[in-house]
Amino acid sequence: MDDLSPETVTDAALAQMATTRDPRLREVMASLVRHLHDFARDVKLTPDEWLAAIGFLTRVGQACTPTRQEFILLSDVLGLSALVNLVHDAEAPELGTTSSMLGPFYREDAPEVPLGGSIVADPDGKEMLLYGRVTDTKGNGVPGALVQVWQTNAEGWYDLQVAGGAATDMRGNIRCDADGCYHLRTVRPIGYSIPLDGPVGELVRRQDRHGCRPAHIHFLIGAPGFRELVTALYLSDDPHIDSDTVFGVSRTLVVSPVENDPAAPVRGIPSIRYDFRLARESGPGSNRVGADPKQILAVS
Ligand code: BEZ
Ligand code: FE
């Protein structure tokens, strides 16, 4: 047996893992070990740094609860969630609307809102209209597509962050009409800070990053036979539009409310028109880069 060196330990680990029967697990773990070892050699990782990283990851795990997923937040601030979305979009057989991460504030049980209804319990003066069409990649409307929408209120809070999530507000599920058209009323959201009171926040502060997301509205759109689309629209005039802490913004998702749009189905309030394109379903698996933290605890 030869003594291991910083170079040969990688091949030794790969050789031992080569017995893995599941081919995808074998491929993923081999690549992970190669990159992890390259990283440790590259930065000359010290034992103290290794232990600090173990301590950090332990605190990330301890911060996870049925309502909080600190590991997803870590993935978000490292740009990994955005990367997984970008790879997923690039591998679609057709080009649909760009994805953006689900985020921690999605709820399965949002109320049904009729076409043209409001997702806001108590709208203030800054009402806005969202309207457009859900189409396939050839531009044909998708009749009856379900558009799930959620956002912050005008103070930058999701309903889940107010009074322990006691009331449902600023979210709703709208069914498109027979041409795939939707419209709904809301208020202008504002940008907000991601949760910074845990170990991920500690890291973001040590990196002197602002920790903010630009103002946005989340969408999860689905219809039978189509890939589920998880995305968001971002308001162009937000000061953090070019420096989203979780890298969710793409140019094609940036919008500006328009005053007096003659095509808007409701007049008198600013409107945003956005047409969403759904790609055809191409196999099993979800397009959600994110999940209800309760479900993650249940499967682990
Ligand atoms: C959000 O947009 O809701 C979000 C996404 C990632 C991290 C924190 C918040
Ligand atoms: Fe959000």
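You'll find the structure just up there.
About the cut-offs
- Counting from 1, residues in each chain are numbered in the order their sequence is written.
- Just so you know, chain letters begin at A and ligand numbers begin at 1, following the order they were written in.
- Only residues with pLDDT of at least 70 are given local features in this predicted model, and only at 80 or more are side-chain atom pairs given and counted; all residues enter the totals for whole chains, interfaces and linings.
- Only hydrogens and water are removed before side-chain values are computed, so all heavy atoms of the structure are retained for them.
- Comment: elements are numbered from the N terminus, with helices defined as DSSP H or I runs of at least four residues and strands as E runs of at least two.
- To sort residues, take the accessible area from a 1.4 Å probe on protein chains only and compare it with the maximum for the residue type: under 20% means buried, over 50% means exposed, and anything in between is partly exposed.
- Whether two residues are in contact is decided by their heavy atoms, any of which lying within 4.5 Å being enough.
- Here the accessible surface of atoms and residues is derived via Shrake-Rupley with a 1.4 Å probe, and residues count as covered only by protein chains that are part of the display.
- His is not counted, nor are the chain ends; Lys and Arg add positive charge and Asp and Glu add negative charge.
- We put the charge of a Lys on NZ, of an Arg on CZ, of an Asp on CG and of a Glu on CD.
- Distance and chemistry together define a polar contact, namely a pair of N or O atoms within 3.5 Å, with one atom able to donate a hydrogen and the other to accept it when in protein, and with adjacent residues in sequence counting only for side-chain atoms on both sides.
- Pairing of aromatic rings covers Phe, Tyr and the six-membered ring of Trp, with a centre-to-centre limit of 6.5 Å; geometry is then stacked below 30 degrees between planes, edge-to-face above 60, and tilted otherwise.

Across its full length, the protein carries 7 helices and 11 strands. With the principal axes as the frame, the protein shows a C-alpha extent of 80 × 40 × 35 Å. Counting all 300 residues of the protein, 42% fall into the buried class. Look at the contacts in the protein between residues 6 or more apart in sequence, and 73% of them connect residues 24 or more apart. Total accessible area computed for the protein in this model is approximately 16,300 Å², and 57% of it derives from carbon and sulfur atoms. For the protein, the separation between the mean place of its 28 positive charges and that of its 40 negative charges on side chains is 3 Å.

Moving on, we get to the environment of Gln207. Structurally, the position occupied by Gln207 is in the loop between α6 (199–206) and β6 (212–213). Of the polar contacts made by the side chain of Gln207, one reaches the side chain of Arg209; its length is 2.9 Å.

Evaluation of the coordinates by the stated rule reveals 6 aromatic pairs. Ring-pair connections join several aromatic residues into one group, and the members of that group are Tyr182, Phe219, Tyr274 and Phe276.

Remember that the coordinates give geometry; whether it matters functionally is a separate question.
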